[in-house]
Each structure stands twice: as structure tokens, then as C-alpha cells.
Amino acid sequence: MNPTELPAWAALRDHHREIAPLHLRDLFDADPGRFERFHAVVGDVLFDYSKHRVTDETIALLVGLARQAEVPARVERMFTGEKINRTEDRAVLHTALRYQGDEPIRVDGHDVMPDVRAVLARMRAFAERVRDGEHRGATGREITDVVNIGIGGSDLGPKMVTTALAPYGHERLRVHFVSNVDPSDLARTLAPLDPATTLFLVASKTFTTQETMANAQQARAWLLRALGDEATLAQTPVVRSPVRQHFAALSTNLEAVESFGIDAERMFPFWDWVGGRYSLWSAIGLPIMLSIGPARFDELLRGAYEIDVHLRTAPLERNVPVLMALLGIWYLDFFDVETHAILPYDQLLLHFASYFQQGDMESNGKSVTQEGRPVAAGTGPIVWGQPGTNGQHAFYQLLHQGTRLVPCDFLAAARSHHPLGDQHEILLSNFFAQTEALMRGRRADEVRAELAADGVSGERLELLTAARTFPGNRPTSSFLYPRLTPAVLGSLIALYEHKIFVQGVIWNVNSFDQWGVELGKVLAKAILPELAGDAPASGHDASTNGLIDAYKRMR
Ligand code: F6P
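Note that this is a predicted model, so its numbers are computed, not measured.

Conventions we followed
- Residues numbered from 1 in each chain as written.
- Predicted model: local features only at pLDDT ≥ 70, side-chain atom pairs only at ≥ 80, totals over all residues.
- Heavy atoms only, no water.
- Helix = DSSP H or I, 4+ residues; strand = E, 2+ residues; numbered from the N terminus.
- Rg over C-alpha atoms; globule rule 2.2 N^0.38 Å.
- Buried < 20%, exposed > 50% of the residue type's maximum accessible area, 1.4 Å probe, protein only.
- Contact = heavy atoms within 4.5 Å.
- Areas by Shrake-Rupley, 256 points an atom, 1.4 Å probe, with all protein chains shown as cover.
- Pairing = 2+ DSSP bridges.
- Axes fitted to C-alpha atoms, helices over the stretch in contact; angles between N-to-C directions.
- Core = buried A, V, L, I, M, F, W, Y, C linked by side-chain atoms within 4.5 Å.
- Salt bridge = Lys/Arg side-chain N within 4 Å of Asp/Glu carboxyl O.
- Parallel < 35°, antiparallel > 145°, perpendicular 65-115°, else oblique.
- Left-handed = near helix turned anticlockwise from the far one by under 90°.
- Nonpolar A, V, L, I, M, F, W, Y, C, P; charged D, E, K, R; others polar.
- Domains from an automatic or database assignment.
- Buried area = accessible area lost by both parts, 1.4 Å probe.
- Polar contact = N/O pair within 3.5 Å; in protein donor to acceptor, adjacent residues only side chain to side chain.

A look at the overall build of the protein
Scanning the protein for helices and strands turns up 23 helices and 13 strands. Taking 555 residues into account, the globule formula puts the C-alpha radius of gyration at 24 Å, and the protein, at 26 Å, falls close to it. Referenced to the eigenvectors of the C-alpha coordinate spread, the extents of the protein come out at roughly 90 × 60 × 55 Å. Taking all 555 residues of the protein together, 54% fall into the buried category. In the protein, once contacts between residues fewer than 6 apart in sequence are set aside, the share between residues at least 24 apart is 74%. For the protein, the accessible area works out to roughly 23,800 Å², and carbon and sulfur atoms hold 54% of it.

Below, the structure is given as C-alpha cells:
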């Protein structure tokens, strides 16, 4: 069913007409209990949604929408291993990867939990050996650098988490990420590295992704050029096999891994019920575990599990990921908003927005329902953002005074991992100030009075009053946590994951396939051989032919 056919949808449409003219400033002025009612604490994370253009009635109607869309039942179907990814006929069980209970979780009658725990145990053992310096390179030296080669979900999650948890990082191991097939990425990453002390992790669910396989092959060639190929080594048995010592695979595809030359013992598997963009909890998390160690990795899992329990058990009215999802839908579908900004006031969350750019846009960038009919509602937002306060000096002008409404998430830690003078307080003062400014704005009469007091008058007074007035009424969520620990990060990630899932449920789209990325891949494969010779291109439209020919002249 299309969400627009639900009774709550029509009620929300009517209600929107009442809410649209109201100003958040007035809502706050009239209701001192607004923060008390419109914030929730889950685990260590405080979620403030009082600066949203909602009243108690809005929340009640939105929760009604979730109920009518049968969110609780659909949540259970995901957690219990039903094949809710219908186009790929797969279960969706990233939650099993962090499950801390004792119940079996079955897919096709098979309990996946022993498999999950066995792989985690193997990852732990390997990570410990690398971290302790027991696992060494082919020439017997300790590993100092880990290079993860992967793209999309096989890159963004581990990169985001490894960066976020850098304060917990191993002192000897540096972790690098190569994703782009653009040779500059690999070349620049490898340039300062020593092959004898570098470990490559080839991370690819399918182990067929063009970019990753191309980079992995070049990395292997780089290694063998320096350390000698297998044939040379056979005559110098003191040296261990370079590929064996310097490569591991994180994948679901054993056959392809073996044909690349990595044996099963160095492959850390996962399963088709782990979506690429939800895979950091699986073997894809090995670079994270290498960096922060198995115990901290467990804390990350536990932080996410806490949110899984919350999603399943908290009433919808107090359910944070459900509220996040509903507020998103409120703006996207009733205020016709197009984008959503994620603005961490936390430098460690440098890659958080780009991680959820994939997480959200690949999941909910859909235009057909689960039944294959056009979706009548607007679906996933364009997700973007970067850490504050840098954004303040770049794009906040548009957030404050532009013609578009951009709902924003603000995230901050109460304590820094790197206390330095009063810099954390400066950061936090900006965090608080921005959401206040976006909400409250600055009225024309206030601006005019101030300018007049400074002696400005006449036409200039009017010009400056117009330019310096802030409309306000711009909605934000704030997420505040004591410190960015592995558990807090696990919780934050799971909150967003479940927000995306709940939105997909309400829009009735499949959040777990990604057919939209296929066409470009197919065309690129067809074009690649055409680039070889100098013959003019002819098999495409005039623009594509023209561009290929221009490239051939320029190269
Ligand atoms: O092209 C999109 C995609 O399939 C993503 O969903 C995925 O995260 C990425 O490619 C990488 O895929 P793989 O892990 O199979 O290399």
C-alpha cells in the first residue's frame, strides 16, 4: 500500500496547514515544558527534538502513521530473519551481527548465531596476532600499516568508525582506506608505505566490484615487485609467502577470493543477509578491530545492540529512531523539503555524514513500492553535511537565510578526547548557538531598533534591516553524548540505521536493494574496451560519442 492511502496521511496534510504558519519561537515562548516533553535519552545519547515544527498533536499524528504502517510488526520481521529484501530474496540481519542474547536467529531454518560468533572469534584471533606483532610480514617484520581496499559499504563504514575511534587506535598500526579506481588514490596511499610492513585487506561482499578488484590487483603487484614473486620465494624458503602474509579478504565469495590467490584461512566471511551499507558490524569491520582491538569492537557492537533492543521494545512515542524517521517524513512529505544535513560538532565524526549519505540515499533513494508500483510520496532525502564549525564558514548562510528549508542534525560530545585550553567550550558554544539561531531567527523590528540605535537611518536602515533579518523557524535535532566512545558510536550508527529502515517501512519501499547503481556499471564495462584503440566511438548518443572521441584526442 502507498503511505498516502493511510488515514493518518490525510490527517497530517490537514494538520500541516495549521502548523506551517506557526513559529518555533512562539511555540517555545508559550510552552516552557517543551524541552522536557520533546527530548528522550537512550543509552548515553540525549536526543532533543523540541526545536522541530511540531506540537503534541503532530507527534500523535505521526505516531499514528507509524502504527498504521505497521512499523512494530515490520521491525519484528526484520529482526527475526524474514526475507524482507524481496527483490534479492534475502533476510536483513545486520542486527544479528551485534546480538548479545542467547536466542537463535534463523534464516531458512538455520541459526546464524554460531556462524556469526565463529567469524568474530577468528577476527579477534587474527586482530590480536597482528596487534601483538605475532603475525608478521613476509620478511619477518611487524605490520605497521593496514590498507583496506573496498568501496561503498566496504569502505565508508570502517573508514568512518576507524576515524571516529582514532583515540582508541593501536599505537603502531596506521589504517588507510583506498576506494577510488582513480589510480591517484592507491598511488598516493602506497607512496609512503613499506611493502614489508603493510597488510592489505580486500573488502568486497561480492569480490567482483571492478574498482576494488583493480586496486587489489595493483596492490598485489606492488607488493610482489618489492618482496619477490612466489617463484622466487620458492628458492628462498626463509621468506614467507608475501600474498599469504600481506593479504586478507573480507567477503561472501570464497571462490573469487581463492582465485585471487588468498586462501580460505585468510578469508573472513559474512553472508548475503548483510547489506553492504550495513556491514561494518561483520568481517568488514576487521580494520576497525585491528585499530581499536577486539574488546573495544565488542563495545561498539553492544552500543548498537542497545538501540536494537530500544527499537523493538520502546513505545513508538518514545522510540528515538522511530521519532527520527517520522520527523524526517514530516518535512520531506508535508513541507516538501529535499535535503537533510548531518552536522557533527565533533571532528572525529569527520566521515559520519558521507557514511550516512550512502546509508540513506542507497537505501531509500527508491521510487517504487514493495509491490512494484510508483511511490506516491517523496522518499529519501539528499543527505549531506560536514563537521561544524567548518560548515558555519561555508554553507550555513543558506541554512539561516536561504529560500530552502533544510532540517539539520547537530551532534556533539560533552567531553573531548583531546582537551586543549577552552577549545571544546568554544566548539560547544557554537553547537548550542546555531540551533538556537536557526530556531529563533532575528525579527526585523529587533534588527531595525538596533541599527537605529547605532545611528543608521533612511534607505540604508531599510536595506540593512532586510539583509540582517533571520526568518528562523528552521528545525534541528540535537544529539548530545558524554564522550565519543565505541559504545556511543555504535548507538549513534544504529539510531540512524533504524531511522532509515522505519522510513522505508512507512514509504513501503525496499530499503535493502540498490538496483539503481547497476546501469552505470554495465555501461562502463561496455565502454572500457572501446577506449583501447583510436577508432572513433559510434555506438552511443552524440554526446557520449563526442566525449569519448575528445578524450582520445586529449590523452
Ligand atoms: O555499487 C553499490 C554497491 O553494491 C554498494 O551497495 C556496496 O556497498 C558497494 O557497491 C561495494 O560492493 P562490494 O562490497 O560487493 O564490493
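Considering the sheet that holds strand β10 (residues 339–345)
Strand order in this open sheet of 6 strands is β1-β2-β13-β12-β10-β11, and the pairing throughout is mixed. This sheet does not close on itself; its edge strands, each paired only once, are β1 (39–42) and β11 (382–384). Taking each pair of neighbouring strands and ignoring which way they run, the sheet shows an average axis angle of 15°. The strands touched by helix α18 (residues 423–440) are β10, β12 (408–413) and β13 (476–481); relative to β12, the strand with the most contacts, the crossing angle is about 155°.

A short note on the nonpolar core
Across soluble globular proteins, nonpolar side chains have a tendency to be buried as a group. In this structure, Trp273, Phe352, Leu489 and Ile493 are the most contacted members of the largest nonpolar core, which totals 123 residues. Top element by residues in this core is helix α21 (residues 486–507). It accounts for 13 residues. Those residues in contact with Leu489, other than ones at most four positions away along the chain, are Met160, Val161, Ala164, Leu165, Leu300, Leu349, Phe352 and Leu484. In terms of nonpolar packing, the next biggest core, distinct from the first, is built from 25 residues, Ala138, Ile149, Val202 and Ala216 among them.

Considerations on the environment of Ala376
Here Ala376 lies in the loop between α16 (352–364) and β11. Ala376 sits 344 residues away from Pro32 along the chain, and the two C-alpha atoms are 38 Å apart. For Ala376, the contacting residues outside a window of four places in its chain are Asn2 and Thr4.

A look at the pattern of salt bridges
Overall, the coordinates contain 31 salt bridges when judged by the stated rule. Across the pair Arg312 and Glu76 runs a salt bridge whose closest N-O atoms are separated by 2.7 Å. In this pair, Arg312 is assigned in helix α14 (residues 294–313) and Glu76 in helix α5 (residues 71–79), connecting sequence segments 236 residues apart.

Examining the packing of α5 against α21
For the pair α5 and α21, interaxial distance at closest approach is 10 Å and the crossing angle is 120°. As summarised for this structure, α5 and α21 are arranged oblique, according to the angle between their axes. In this structure, α5 meets α21 at a crossing whose hand is right-handed. Residues Val71, Arg74, Val75, Met78 and Phe79 of α5 form the contact with α21, whose own contacting residues are His498, Phe501, Val502, Val505 and Ile506. When its residues are assigned to classes, the contact of α5 with α21 shows 8 nonpolar, 1 polar and 1 charged.

Some words on the sheet that holds strand β7 (residues 198–203)
The 5 strands lie next to each other as β6-β5-β7-β8-β9, forming an open sheet whose pairing is parallel. In this open sheet, the two strands that pair with only one neighbour each are β6 (174–178) and β9 (267–269). Each neighbouring strand pair of the sheet contributes to a mean axis angle of 20°, computed without reference to strand direction. Bridge analysis of strand β8 (residues 247–251) against β9 gives 3 bridges, and the strand direction is parallel. Across the sheet, residue Ser251 finds its bridge partner in β9, namely Pro269. In the packing of helix α9 (residues 210–227) onto the sheet, contacts are made with β5 (145–149), β6, β7 and β8, and the angle to β7 comes to roughly 160°.

Details of the domain arrangement of the protein
The domain boundaries assigned to the protein delineate domain 1 (42–85 + 297–416 + 425–513), domain 2 (113–270) and domain 3 (516–554). In this complex, domain 1 contributes 17 residues to the contact, which on the side of domain 2 involves 15 residues. Of the roughly 1,300 Å² buried at the junction of domain 1 and domain 2 (both faces included), carbon and sulfur atoms supply 75%. Broken down residue by residue, the surface that domain 1 buries against domain 2 is led by Leu348, His351 and Tyr355, which jointly contribute 37%. Linking domain 1 to domain 2 there are 1 salt bridge. The salt bridge involving Arg124 is made with Asp298; its shortest N-O contact spans 3.1 Å. Across the contact surface, domain 1 and domain 2 share 3 residue pairs in polar contact (both at pLDDT 80 or more). Broken down by secondary-structure element, the contributors of at least two residues to the side of domain 1 that touches domain 2 are α14, α16 and α21.

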